Structures are given as structure tokens and as C-alpha cells.
Amino acid sequence: MSSMPYNPATSRAARLRHTANSALGAIVGNTNSLIGMSVFLLIVIAALLAPIFATHDPVQQNILFRLQGPSGEHWMGTDAAGRDIYSRILYGARISLIIGLVSVGLAMIVGTAMGVLAGYYGGKIDQLVTQITDVLLAFPSLILGLMIVAILGPTMPNLIVAIALTTVPQFARVARAPTLSLRERDFIQAGRALGYSDLRIMYRHVLPNIFPEVLVMGSLWLATAIRVEASLAFIGLGVRPPTPTWGGMIRDGFKNILDSPWLAIFPSLAILILVFALNMLGDGLRDTVDPRLKGEK
């Protein structure tokens with residue numbers, strides 16, 4: 001019996017265990033991915049437990065304490081409305097993470113499905129998917145997101161849709177390329193000979209084999225999605241005030257950048273740390289998954 005983990009004789013539970021163990025091993029076995037994942041999880045925990053960690057109400061205004069510098073009462077100072085910067089950063093992390101994770105997850109599902117269908121069937125389906133991705137890739141991510149949000153309105157669902165749409169082509173291309181080679185492999189041909197449906201072959205045998213590459217793309221594009229969300233909020237197309245967002249806080253901070261630089265510095269550092277952690281995670285996973293990079297080392 002073949003030892004390949006994703007052949008027709010392999011049970012579904014074994015495939016799931018293998019996929020989970022591979023992902024965990026890729027993270028633990030690489031220093032960059034381990035550091036990136038650790039920092040990312042700390043930020044997620046801080047966002048989830050924001051009501052516990054926050055020292056003040058993030059939307060409560062107190063004009064008597066406006067534009068105060070970092071102190072024992074306000075660790076990162078206050079903004080022009082007297083709101084605590086530290087508490088607003090904690091709650092703002094929720095917005096960035098929700099929009100980033102949901103948009104990338106949606107793009108991963110749609111884009112991977114498109115790529116697998118295009119690579120598996122080829123022909124006109126492949127041409128159609130390729131043309132759609134080429135059109136979407138013709139627009140820079142920020143410009144395309146700006147157009148969609150400007151038309152639909154700056155709400156969280158619209159931001160998620162806009163960012164997801166800018167990310168779909170990347171996942172489609174990443175899924176399509178390996179599917180083209182996998183469809184001619186012996187275990188795929190064996191599945192066809194046994195009478196398995198195309199849907200079953202794609203879901204149970206093609207998808208698990210390309211999942212590591214899709215996972216790497218997801219971690220890298222999560223950082224891009226967070227940057228796009230912050231950029232849209234910076235130009236006034238993010239979630240409406242008084243909901244705290246990192247991009248909105250930076251925009252407000254630029255109004256007093258000379259007198260109160262902490263207003264823009266601290267949320268900027270929050271974005272920098274989160275994006276840097278995700279890039280480290282993605283680079284570490286890529287180094288582990290890509291056999292060519294293994295050979296170079």
C-alpha cells in the first residue's frame with residue numbers, strides 16, 4: 001500500500017491529522033514562524049480580552065484630559081477628545097483582526113475554489129478564471145478597495161467584501177498551478193478509475209495537497225488586508241467613528257503630530273508589530289513548505 005498521505009486509500013481522519021500535524025510542525029520547526037505566531041496570538045488575546053486589559057472606556061470623552069502625554073493614568077496619553085489611547089488601541093485591534101481574518105478567509109475559500117476548478121478542468125473554465133483574475137489584478141489592492149468602499153459605503157461588511165475581492169486572484173493563482181500537475185498524478189487517476197466524482201477528488205485529494213501553499217498565502221495576505229483596512233480608515237473610508245480603528249487614530253493624530261506625536265506613533269507601532277509578526281509567520285511557513293528553499297539551505 002502506498003504511504004502517500006492523500007491517496008484514495010487514506011481515511012479522512014488520517015488526512016485531517018496529517019494536515020494539522022504538518023501545519024503545526026511547520027510553525028514549531030521554524031524560528032521565524034514560531035516568533036510570528038507567538039506575537040500574533042498575543043495580539044489576538046489582547047483584543048479578545050480588551051474589556052479586561054483596557055483601563056478606560058475607549059469611546060468616553062473627557063475634554064478636561066485632552067491631549068495629555070503618557071502617564072500613570074493614561075499609559076499612551078489621550079487624544080483631542082480626552083479618550084485613552086491605550087484602551088482605543090486594544091479595541092481597535094478587534095476591528096483590524098475581524099476585517100482581516102474574515103476577508104482573507106472569504107478570499108481563501110472563493111479563490112481556492114476558483115483555482116482548483118480552473119486547474120482541474122482546464123479548457124474554457126480555466127480561460128474564464130484566468131481572465132477574471134487578470135482583470136482584478138490590473139487594479140492595485142488599495143485602489144480597488146477604495147473604489148468598492150466609496151461605492152458601497154464605509155461599513156464593516158463592505159470593507160470585508162472589498163478587501164476579499166482584492167485578494168481572491170492571488171489565492172486562485174496559487175491553487176491553480178499545483179492543481180494542473182496534481183490532476184495527472186497516479187492517485188488522482190486511481191480515484192477516477194474507482195468511479196469517484198470530480199467533486200470528491202477535488203475536495204478529498206487535490207485540496208489537502210495544495211493546502212500548505214494556500215495557508216502560506218493566507219498568512220502573508222492577512223498582513224496586506226490589515227494594511228489596506230488601516231489605509232482606508234486613514235483616508236476616512238473605514239468603520240465610522242466613534243468606533244476606534246488604528247487607521248482612524250493615525251488620521252486623527254496627524255492633526256496634532258507636532259504637539260502630540262504619541263497620537264499617531266502608538267497606533268502606527270501597533271500596525272507595524274502586527275504586520276511584522278504576520279510576515280515572519282508567512283516567511284517561516286514558506287521556508288518550511290517550499291522544497292526549493294529547503295534545498296538552498
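Conventions adopted
- Residues numbered from 1 in each chain as written.
- Predicted model: local features only at pLDDT ≥ 70, side-chain atom pairs only at ≥ 80, totals over all residues.
- Heavy atoms only, no water.
- Patch = residues over 30% accessible without salt bridge, like charges linked within 9 Å, V, L, I, M, F, W, Y side chains within 5 Å.
- Areas by Shrake-Rupley, 256 points an atom, 1.4 Å probe, with all protein chains shown as cover.
- Salt bridge = Lys/Arg side-chain N within 4 Å of Asp/Glu carboxyl O.
- Helix = DSSP H or I, 4+ residues; strand = E, 2+ residues; numbered from the N terminus.
- pLDDT = per-residue confidence, 0-100.
- Contact = heavy atoms within 4.5 Å.
- Buried < 20%, exposed > 50% of the residue type's maximum accessible area, 1.4 Å probe, protein only.
- Phe/Tyr/Trp six-rings, centres within 6.5 Å; stacked < 30°, edge-to-face > 60°.
- Core = buried A, V, L, I, M, F, W, Y, C linked by side-chain atoms within 4.5 Å.
- UniProt positions renumbered as here; feature names shortened; annotations may be inferred.
- Axes fitted to C-alpha atoms, helices over the stretch in contact; angles between N-to-C directions.
- Parallel < 35°, antiparallel > 145°, perpendicular 65-115°, else oblique.
- Left-handed = near helix turned anticlockwise from the far one by under 90°.
- Nonpolar A, V, L, I, M, F, W, Y, C, P; charged D, E, K, R; others polar.

Draft legend 1. The arrangement of a nonpolar patch on the surface in detail. A cluster of nonpolar side chains, contributed by Ile45, Leu48, Leu49, Ile52 and Phe53, occupies part of the molecular surface with about 480 Å² of accessible area. Elements represented by at least two residues in the nonpolar patch include exactly helix H2 (31-48) and helix H3 (50-53). By the secondary structure assignment, Ile52 is in helix H3.

Draft legend 2. Structural detail: the confidence of the model for the protein chain. The share of residues in the protein chain with pLDDT of 70 or more is 87%, and the mean pLDDT across the chain is 82. Segment residues 1-11: pLDDT under 50, and 23 contacts once partners within four positions in sequence are set aside and those in other chains are kept. Contacts for the low-pLDDT stretch residues 293-297, under 50 throughout, to residues beyond four places or in other chains number five contacts.

Draft legend 3. Structural detail: the pattern of salt bridges. In total, this model carries six salt bridges according to the counting rule given. For the salt bridge of Arg83 with Asp79, the shortest nitrogen-to-oxygen distance reads 2.9 Å. Of the two residues, Arg83 and Asp79, both sit in the buried class. With a closest N to O distance of 2.5 Å, Asp134 and Arg173 form a salt bridge. Of this pair, Asp134 sits in helix H5 (residues 123-137) while Arg173 sits in helix H7 (residues 156-182), and the two are 39 residues apart along the sequence. Given a relative accessible area of 37%, Asp134 falls into the partly exposed group.

Draft legend 4. Summary view of the packing of aromatic side chains. For the coordinates displayed, the defined rule picks out three aromatic pairs. Their ring planes at 45° and their centres at 4.8 Å tell us that Trp75 and Tyr86 sit as a pair that is tilted. With Trp75 in the loop between H3 and helix H4 (85-121) and Tyr86 in helix H4, this pair connects stretches of sequence that are eleven residues apart. Ring centres of Tyr120 and Tyr121 lie 5.2 Å apart, and the angle between their planes is 90°; on these two criteria the pair is classed as edge-to-face. When its relative accessible area of 5% is taken as the criterion, Tyr120 is described as buried.

Draft legend 5. Highlighting the nonpolar core. In this structure, Phe40, Leu97, Ile99, Trp246, Leu274 and Leu278 are the most contacted members of the largest nonpolar core, which totals 61 residues. Residue contributions to this core peak at 14 residues, all from helix H9 (residues 198-234). Beyond its immediate stretch of four places on either side in the chain, Leu97 contacts Phe40, Ile43, Val44, Ala47, Val102 and Leu274. The next biggest cluster of nonpolar side chains, apart from the first, holds five residues, and it includes Ala46, Ala50, Tyr86 and Leu90.

Draft legend 6. Spotlight on the UniProt feature "transmembrane region" (unreviewed entry) in the protein chain. Here, UniProt's "transmembrane region" (unreviewed entry) annotation points to residues 34-54, 97-122, 142-166, 214-239 and 262-282. Helix makes up 88% of residues 142-166 and strand 0%, and the two end C-alpha atoms of the span are 8 Å apart. Taken end to end, residues 214-239 is 81% helix and 0% strand, and its first and last C-alpha atoms sit 29 Å apart.

Draft legend 7. Here's a closer look at the packing of helix H6 (residues 141-152) against H7. Where H6 meets H7, the closest approach of the two axes is 9 Å, and the angle between their N-to-C directions is 150°. One finds that H6 runs roughly antiparallel with respect to H7. Here H6 and H7 pass one another in a crossing that is right-handed. On H7, the residues touching Ser141, Leu144, Gly145, Ile148, Val149 and Leu152 of H6 are Asn158, Leu159, Ala162, Leu165 and Thr166. Here the residues of the contact of H6 with H7 are counted per class, giving seven nonpolar, four polar and no charged.

Draft legend 8. Main features of the side chain of Asn256. Residue placement: Asn256 occurs in the loop between helix H10 (246-254) and helix H11 (262-289). Setting aside residues up to four positions removed in sequence, Asn256 forms contacts with Leu67, Ala80, Pro261 and Leu263.

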